[in-house]
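Reading the structure
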Amino acid sequence: TMKKSSTVVGLVGGLGNCLWQICGAYACRPEEGHDLKFVAYGDAAKHALTTFVKKERYASSGVCTAPAGYWQNTKWLLPPDVVREHILSESVTAHAREEADSFPLIVHVRGGDFLRSESHVACRATQCLIDKAVDACPGLSHKDVAIVTDDLKYVGETFGQRYPVLGDRGDDRVAFHTLCCAKNLLISPGSTFSWWAAYLGAHDHVLFPSGIWPQDIGACDRDITSCTSGLDLVPESCKDSWSVLCV
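So, here's what we can say about the structure. Note that residues are indexed from 1 along each chain, following the sequence as it is written. Side-chain atom pairs in this predicted model are given and counted only at pLDDT of 80 or more, local residue features only at pLDDT of at least 70, and totals for whole chains, interfaces and linings cover all residues. Side-chain numbers here rest on the full set of heavy atoms in the structure, without hydrogens or water.

The pairing criterion is simple: DSSP has to find at least two bridges between the two strands. A run of H or I in DSSP becomes a helix once it reaches four residues, and a run of E becomes a strand once it reaches two; helices and strands are each numbered from the N terminus. With parallel pairing, five strands are arranged side by side in an open sheet as β5-β4-β6-β7-β8. Looking at the sheet topology across the chains shown, the edges are occupied by β5 (145–149) and β8 (242–246). Strand-to-strand twist across the sheet, computed as the mean angle between neighbouring axes with direction ignored, equals 25°. Direction of pairing for strand β4 (residues 105–109) relative to strand β6 (residues 184–186): parallel, over a ladder of three bridges. Looking across to β6, one finds that Val-107 is bridged to Leu-186. Under this scheme, a helix contributes an axis fitted over its contacting stretch, all axes are lines through C-alpha atoms, and angles between N-to-C directions fall in the 0 to 180 degree range.

Rendered as structure tokens:
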């Protein structure tokens with residue numbers, strides 16, 4: 001039998017960016033069945049690969065190809081079930097599902113490495129944004145809201161103790177699974193981490209902030225990805241359950 005050809009693809013950034021690049025790599029592979037494996041460039045990508053991606057997708061050697069740009073465009077997307085079954089290493093945990101079931105609206109507040117770029121600092125969940133999200137969910141009030149975050153300092157300074165914080169703080173695997181299980185989910189502005197949780201989870205309603213996504217999305221490859229408002233990051237298959245919040 002002929003040996004299956006394969007390509008090693010280098011990934012950069014955290015989980016969200018890595019998943020976009022993985023989808024782009026599959027979209028551009030030479031032929032159906034051509035094997036792809038991935039290596040990490042930098043600590044964020046290494047953490048994403050070792051925490052979330054199946055071990056058989058890691059590359060130990062080989063000539064590496066790096067995709068230009070972040071490939072943040074819905075035309076490259078793999079179906080959610082393909083990502084869950086063939087890319088991600090494990091399914092949602094029972095603990096995450098139990099926590100998510102306790103609160104009808106979960107808000108993602110992104111911090112961490114995301115804020116190293118000055119263009120991202122303004123892209124954070126605010127009280128005004130949560131107010132709009134609650135108004136967009138009939139029958140819900142602020143007592144139904146909980147937060148998932150990796151930035152407890154910002155949450156404390158901005159919201160005090162108004163909302164409970166779910167998940168094992170600092171464990172983004174638990175955070176991601178909790179977001180995936182949310183009945184109603186408010187994506188953190190500009191965060192591909194919670195975008196992917198929205199895309200891969202089964203939600204009644206996803207609230208998608210628009211107009212405050214960083215203007216440098218896709219800047220490395222504008223001919224391929226030019227998503228500057230965020231509106232074109234709402235997948236066609238999700239338009240019935242995703243609502244855009246203009247902020």
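Structure's up, so let's keep going.
Here Asp-144 lies in the loop between α5 (127–135) and β5. When a residue's accessible area, from a 1.4 Å probe over protein chains only, is under 20% of the maximum for its type it is buried; when over 50% it is exposed; and in between it is partly exposed. For Asp-144, a relative accessible area of 12% gives the class buried. Pairing of N or O atoms within 3.5 Å defines a polar contact, subject to two protein rules: one partner must be a possible hydrogen donor and the other a possible acceptor, and residues neighboring in sequence count only if both atoms are side-chain atoms. A polar side-chain atom of Asp-144 sits 2.9 Å from the main-chain amide nitrogen of Ser-141. Pairs of residues are marked as contacts when any of their non-hydrogen atoms sit within 4.5 Å. Beyond its immediate chain neighbours, meaning those up to four positions away, Asp-144 contacts Phe-103, Pro-104, Leu-105 and Gly-139.

Between rings of Phe, Tyr and Trp, where Trp is taken as its six-membered ring, a pair exists when centres lie within 6.5 Å; planes separated by under 30 degrees are stacked, by over 60 edge-to-face, and by other angles tilted. A full pass over the atoms with the stated rule returns twelve aromatic pairs. Aromatic side chains Trp-20 and Trp-196 sit 5.4 Å apart centroid to centroid with 70° between the ring planes, which places their arrangement in the edge-to-face category. Within this pair, whereas Trp-20 is found in helix α1 (residues 15–27), its partner Trp-196 is found in helix α8 (residues 192–200), the two being separated by 176 residues in sequence. By relative accessible area, which is 1% here, Trp-20 ends up buried. Taking the centre distance of 5.2 Å and the plane angle of 75° together, the rings of Trp-195 and Trp-196 count as edge-to-face. Assessed through its relative accessible area of 0%, Trp-196 is described here as buried. The structure contains a cluster of three or more aromatic residues connected by ring pairs, namely Trp-20, Trp-195, Trp-196, Tyr-199, Phe-208 and Trp-242. Positioned over the ring face of Phe-193 is Arg-110, at 5.9 Å from the centre of the ring. Comment: the charge-over-ring label is applied if NZ (Lys) or CZ (Arg) is within 6 Å of the ring centre and within 35 degrees of the ring normal.

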